[in-house]
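# Notes for the structure review
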Amino acid sequence: PIGSSARELLMETLSNHPSTPRRLRALWTLWSTEEIDSAQLLTLLKDKNEHVRHWAIRLEMERLKPFQPFVESMILRANNETSSMVRLIMASALQSLEIENRFHLAEKLVRFSEDAEDANIPLMLWYGIEPIVANNPANGLKLMQASQIPLLRQFIARRVSSPASAPTP
């Protein structure tokens, strides 16, 4: 733990400093000293800066059980997320979520056609949704129909049509 005046200075830097690197250093310091909680990270999920949003998600997903209001807000925000960097960390977060939350977040993320050519997002989405497709083919088909990412549609179709014992792509 750090002193209250240091914490206040770091929170002020995180909230109002014009420099992204300084804001991130303040966030990382607050995180490493356990001086920032899930509710505060939730407010950062709405930040104008994509790097701050990215790190808010990344840090919250490091918890054994992510804060449910954070997860719900992330799912809602996924519809309108303009940053591919933030969508990538959301796709990565799928593996840390309970199956129902995974489905709701994935349902939003598979709709971004601009992510089809990304080197990582389609695969991160697949790693996160494969258990959904394997355990609930109907939801897998819903994701396939919603997907604007051809590789993901291909993986889902392959998994839905394969026997349960077959290895996943």
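Rules and cut-offs
Chains are numbered independently. Their residues run from 1 in the order of the written sequence. Local features in this predicted model are restricted to residues of pLDDT 70 or higher, and side-chain atom pairs are both shown and tallied only at a pLDDT of 80 or more, whereas totals for entire chains, interfaces and linings draw on every residue. Side-chain measures were taken over the full set of non-hydrogen atoms in the model, leaving aside hydrogen atoms and water. Here an angle of 0 to 180 degrees is reported between the N-to-C directions of two axes, which are lines fitted to C-alpha atoms, with helices fitted over the stretch in contact. Secondary structure counts use DSSP, requiring at least four H or I residues in a row for a helix and at least two E residues in a row for a strand, with both numbered from the N terminus. Working rule for angles: under 35 degrees goes down as roughly parallel, over 145 as roughly antiparallel, 65 to 115 as roughly perpendicular, anything else as oblique. Throughout, a crossing is termed right-handed when the near helix is turned clockwise from the far one, and left-handed when it is turned anticlockwise from it by less than a right angle. Residues are treated as being in contact if the distance between any of their heavy atoms lies within 4.5 Å. Three residue categories are used. Nonpolar comprises Ala, Val, Leu, Ile, Met, Phe, Trp, Tyr, Cys and Pro, charged comprises Asp, Glu, Lys and Arg, and polar comprises the others, including Gly. Burial classification: accessible surface area is computed with a 1.4 Å probe over protein chains only, and a residue below 20% of its type maximum counts as buried, one above 50% as exposed, and the rest as partly exposed.

### Regarding the packing of helix α1 (residues 4-16) against helix α2 (residues 20-32)
Two numbers describe how α1 lies on α2: the axes approach to 8 Å, and their chain directions differ by 140 degrees. In terms of orientation, α1 and α2 fall into the oblique class. For the element pair α1 and α2, the recorded crossing hand is left-handed. Along its contact with α1, which presents R7, L10, M11, T13, L14 and S15, the element α2 presents R22, R23, A26, L27, T29 and L30. For the contact of α1 with α2, the per-class residue count stands at six nonpolar, three polar and three charged.

### Examining helix α4 (residues 50-60)
Burial within α4 is extensive, with eight of its eleven residues counted as buried. Residues of α4 that are buried: V52, R53, H54, W55, A56, I57, L59 and E60. Against the buried residues of α4 lie α2, α3 (38-44), α5 (68-78) and α6 (84-93).

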